[in-house]
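Structural overview
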Amino acid sequence: MAEKRLHKKRGVKLEKEQFCCSVCLDLLKEPVTINCGHSYCKRCIESCWDQEKAKGVYSCPQCRQTFDSRPVLRKNGMLAEDAACDFCSETRPNKATMSCLTCLASYCPVHLEPHYSVAVLRTHKLVSTAIPLQKKMCSKHNKLMEIYCQTDKLLVCFLCTLEEHRGHKTVPVSVQKAETENHLFSSQKEVQERVQQREKELKELRQTEENLKSGAMTALKDCDCIFAELVSSMQEKCSEVKQLIVSQEKTAVAKAAQMQLQLEEEITKLRRRAAQLEQLSHIDDPIHVIQTFQSLSTSCESQDFSPTGLQRSFADVTDCVSELRSKLEEVRMEIWPRISAAVSYVDFSLPLAPNSREEFLRYCCPLTLDLTSNYPYLHLIKENLRVRPSPSPYSAQPDRFARFPQVLCSEGLSGRCYWEVEWYARCLSAAVAYKDIKRTSDDSRFGNNDKSWTLECTPNGYSFRHNNVETAVLGSTSYKIGVYLDYKAGILCFYHVADPMVLLHKVQTTFTQPLYPGLGLNYEWYDVGVFAQLVKLW
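Residues numbered from 1 in each chain as written. Predicted model: local features only at pLDDT ≥ 70, side-chain atom pairs only at ≥ 80, totals over all residues. Heavy atoms only, no water.

**Some remarks on the UniProt feature "coiled-coil region" (unreviewed entry) in the chain**
What counts, and what does not: UniProt positions are given in the numbering used here, feature names are shortened, and annotations may be inferred rather than shown by experiment. Runs of E in the DSSP output that reach at least two residues are strands. Runs of H or I that reach at least four are helices, and both are numbered from the N terminus.
UniProt feature "coiled-coil region" (unreviewed entry): in the numbering of this structure it lies at residues 188–215 and 253–280. Between the C-alpha atoms that bound residues 188–215 the distance is 40 Å, and the span itself is 100% helix and 0% strand. For residues 253–280, the end-to-end C-alpha separation is 40 Å, with 100% helix and 0% strand making up the annotated structure.

**Topic: the sheet that holds strand E15 (residues 416–424)**
Inclusion rule: Pairing between two strands is assigned when DSSP locates at least 2 bridges connecting them. All axes here are fitted lines through C-alpha atoms, helices being fitted over the stretch that makes contact, and every angle between N-to-C directions spans 0 to 180 degrees.
With antiparallel pairing, seven strands are arranged side by side in an open sheet as E12-E13-E24-E15-E20-E21-E22. Only two strands of the sheet have a single neighbouring strand rather than two, namely strand E12 (378–381) and strand E22 (502–508). Within this sheet the neighbouring strands show an average axis-to-axis angle of 20°, counted without direction. Relative to strand E13 (residues 386–389), E12 is paired through four bridges, and the arrangement is antiparallel. From the neighbouring strand, leucine 378 faces E13, where its bridge partner is proline 389.

**Describing the packing of aromatic side chains**
One pair of aromatic rings is described through two measures. These are the centre distance and the angle between the planes. Spelled out, the test is: Stacked, tilted and edge-to-face are the three classes assigned to paired rings of Phe, Tyr and Trp, where Trp is represented by its six-membered ring and a pair needs centres within 6.5 Å; plane angles under 30 degrees give stacked, over 60 edge-to-face, the rest tilted. Should the NZ of a Lys or the CZ of an Arg lie within 6 Å of a ring centre and within 35 degrees of the ring normal, that charge is described as sitting over the ring.
A complete count under the given rule lists 15 aromatic pairs for this structure. A connected cluster of aromatic rings, assembled from ring pairs, spans Phe360, Tyr363, Tyr418, Tyr484 and Tyr495. The ring centre of phenylalanine 531 lies 4.1 Å from the NZ or CZ of arginine 386, which sits over that ring.

**Overview of the pattern of salt bridges**
Where we set the bar: Any Lys or Arg side-chain nitrogen located within 4 Å of an Asp or Glu carboxyl oxygen qualifies as a salt bridge. We call a residue buried when its accessible area falls under 20% of the maximum for its residue type, exposed when it is over 50%, and partly exposed in between, using a 1.4 Å probe and counting protein chains only.
Taken as a whole and assessed by the stated rule, the structure comprises 18 salt bridges. In this structure, the salt-bridge partner of aspartate 50 is arginine 70, at a minimum N-O distance of 3.0 Å. A residue pair is termed long-range when its members are at least 10 positions apart, and aspartate 50 in helix H2 (residues 42–52) and arginine 70 in the loop between strand E4 (66–67) and strand E5 (74–75) qualify at 20 residues. With a relative accessible area of 48%, aspartate 50 lands in the partly exposed category. Residue class for arginine 70 comes out partly exposed when judged on its relative accessible area of 33%. Residues arginine 332 and glutamate 329 are paired through a salt bridge, measuring 2.6 Å at the closest nitrogen-oxygen approach.

**Side note on the state of the cysteines**
Here is the rule we go by: Note on terminology: pairs of cysteine sulfur atoms within 2.5 Å are recorded as disulfides.
All told, the structure shown has zero disulfides when counted by the stated rule. For the unlinked cysteine cysteine 108, the closest cysteine sulfur is that of cysteine 85, found at 3.7 Å. The buried category is assigned to cysteine 108, whose relative accessible area is 1%.

**With respect to the packing of helix H7 (residues 173–280) against helix H8 (residues 286–296)**
Stated formally: Angle categories are assigned with fixed cut-offs, so that under 35 degrees is roughly parallel, over 145 is roughly antiparallel, 65 to 115 is roughly perpendicular, and the rest are oblique. The criterion used for residue contact is that any of the two residues' heavy atoms lie within 4.5 Å. For this scheme, ten residues count as nonpolar: Ala, Val, Leu, Ile, Met, Phe, Trp, Tyr, Cys and Pro. Four count as charged, namely Asp, Glu, Lys and Arg, and the remainder, Gly too, count as polar.
For the pair H7 and H8, interaxial distance at closest approach is 11 Å and the crossing angle is 170°. Here H8 runs roughly antiparallel to H7, going by the angle between their axes. Of the residues in H8, those in contact with Arg273, Gln276, Leu277 and Leu280 of H7 are His288, Val289, Thr292, Phe293 and Leu296. Each residue belonging to the contact of H7 with H8 can be placed in one class, and the counts come to five nonpolar, three polar and one charged.

**Observations concerning the sheet that holds strand E10 (residues 154–156)**
Strand order across the open sheet formed by three strands is E10-E9-E11, with antiparallel pairing between neighbours. What marks the edges here is a single partner per strand, and that holds for E10 and strand E11 (170–172). Recorded for the sheet is a direction-independent mean angle of 35° between the axes of neighbouring strands. Here strand E9 (residues 147–149) runs beside E11; their pairing, made up of three bridges, is antiparallel. Bridge pairing in E11 links tyrosine 148 to valine 171. Set on the sheet, H7 makes contact with E9, E10 and E11; between it and E11 the angle comes to about 90°.

**Digging into unusual backbone geometry**
With an omega dihedral of 5°, the bond running from aspartate 499 to proline 500 counts as a cis peptide bond. Turning to its location among the elements, proline 500 is positioned in the loop between strand E21 (491–496) and E22. The backbone of asparagine 468 sits at a positive phi, close to 65°, despite the residue not being glycine. Looking at the element boundaries, asparagine 468 is found in the loop between strand E18 (461–466) and strand E19 (469–473).

**Let's talk about the nonpolar core**
Our working definition: Residues belong to a common nonpolar core when they are buried Ala, Val, Leu, Ile, Met, Phe, Trp, Tyr or Cys residues joined through side-chain atoms within 4.5 Å.
Residues Trp419, Leu428, Trp453, Leu492, Leu521 and Leu534 are the most contacted members of the largest nonpolar core, which totals 42 residues. Setting aside residues up to four positions removed in sequence, tryptophan 419 forms contacts with Leu367, Leu413, Val432, Ile481, Gly482, Val483, Leu485, Pro517, Leu534 and Leu537. In terms of nonpolar packing, the next biggest core, distinct from the first, is built from ten residues, Cys21, Val32, Ile34 and Tyr58 among them.

**As for the confidence of the model for the chain**
Let me state the cut-off plainly: Summary of the metric used: pLDDT quantifies the predictor's per-residue confidence within the range 0 to 100.
Residues of the chain with pLDDT of at least 70 account for 89%, and the chain-wide mean is 85. Below a pLDDT of 50 lies the segment residues 1–16, which in the model reaches 13 contacts outside its immediate sequence neighbourhood of four places, other chains included.

**Regarding the pairing of strand E23 (residues 516–522)**
Of all seven residues in E23, six are buried; the element is thus mostly enclosed. Across three bridges, the pairing between strand E14 (residues 406–408) and E23 is antiparallel. Each bridged residue has a counterpart across the sheet, and for leucine 408 the counterpart in E23 is glycine 518. Note: strand E16 (residues 427–433) against E23, seven bridges, orientation antiparallel. Bridge pairing in E23 links valine 432 to proline 517.

**Brief notes about the side chain of threonine 454**
To keep it simple, the criterion reads: Pairs of N or O atoms within 3.5 Å make up the polar contacts considered here, provided that, within protein, one atom can donate a hydrogen while the other can accept it, and that residues adjacent in sequence are counted only when both atoms are side-chain atoms.
Looking at where threonine 454 falls in the secondary structure, it is placed in strand E17 (residues 452–458). Residue threonine 454 is classed as buried on the basis of its relative accessible area of 0%. At 3.5 Å, the side chain of threonine 454 and the backbone oxygen of alanine 430 are in polar contact. Setting aside residues up to four positions removed in sequence, threonine 454 forms contacts with Ser429, Ala430, Ala431, Phe446, Gly447, Ser463, Phe464, Arg465 and Phe494.

**Brief notes about a nonpolar patch on the surface**
Put simply, the rule is: Each patch is assembled from residues with relative accessible area greater than 30% and no salt bridge, linking like charges that lie within 9 Å and nonpolar side chains (Val, Leu, Ile, Met, Phe, Trp, Tyr) that lie within 5 Å. Per-residue and other accessible areas follow the Shrake-Rupley method at a 1.4 Å probe size, with only the shown protein chains counted as cover for residues.
Among the surface-exposed residues, Val331, Ile335, Trp336, Ile339 and Val343 lie close enough to one another that they form a single nonpolar patch of about 450 Å² accessible area. Locating valine 343 in the fold gives a position in helix H9 (residues 308–344). With a relative accessible area of 61%, valine 343 lands in the exposed category.

Below, the structure written as structure tokens:
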């Protein structure tokens, strides 16, 4: 009797675990399953989560697993399908809770009782009716599928192994179940880790979105202020120029009026003299004519006046303002592409930045050193991937670096790219540069201008240089340097190639032209084995 009660107890426990909601402790109504695999009445779990909404964190009432966002409820199709008892004689049979794989029948709790009380029935294998019994039967032989064919990866019955699955590798379902559970556990763990990773990425993406909105609002305000200052400055200068013109106009007009008065007075005098001379010309007395003419010959003329200088003064003002406009337009044309590029790099479609070397290698790109750009005494070897010093120079080329031992690649980059550099020298320059970098001047060295960025590597450490500004970089010496470029995001990173990767220096800026990878060397002629090369990753 005690054994009978124990078996009956086990049957009831299994039924409750399968069909009862742990919130209301009743049979499941509208059964739904959440991310951790537990099932609840739809109304019960929604009520629980409504109470947790204020906290912003949702949990499973059974295992207490938490979720940052409210999980999507999924209908539990297995529990939602009710199996009918095969032994109920009523018009509406009771719901079956267990199926017997020996009897091949399903039972409600009342008709299941003999399987706990009758000795011969207690040896039968009982399973939950969560999955209909018919789905466990072979459709061809109507026998229980209790064998797994590993050759065809199918569940089959005993008769199937004697026919179309004869000679195949088969195992009992109990053996296959253990193997499947191992795979299931691994898959569950992998999926859960993936869910957690995606939830983390979602959280980061939402934070990034908020940061972008905040940054955009700040940029709008700052740009408004800057352009307002520019407009105000231009208006102020315009007002100053106008005041200068008006002031100069008044001064010039006053001077012109004074000059007009002087000219009018001189004209009057000259006309009076002309009349006297005319009158003198009609007198016959020679002595009187000579005496009078001498007194009239004294000049009363002043210096000549010309308005040309006044006219030119205002023309020069217009020319100067026109020159200012031209220079401002030149600056605008130079700066605007950088402004446009800085605005357009914001792109949510960009994938997340790589973390491991394996992820970096997804962005490796084929590169070759440009034979027309290398310093004359740097020779290219090994499919134009390596440079080394040589006493015999290359012939002159217009694009060849003439002052410093360095070389550019042939490929211009404007996307996501990763490459690695190996070196042995007194100093290596792992660089990127614009195509129009100078080739012959003193500032053509990588990092000594605003068109190149370089990490200087020596046996004693590192330094970063751009636009002739040098920054010390901490890190242990590595003779293999990884370079990662995200052109649209304006990111340039230098790494010590290791497992895991070690970031040495990161640049955040705006690029306005395609970037060409470059290598530079510092050495003496008596140094042995000097070289630098691109590592072939593709």
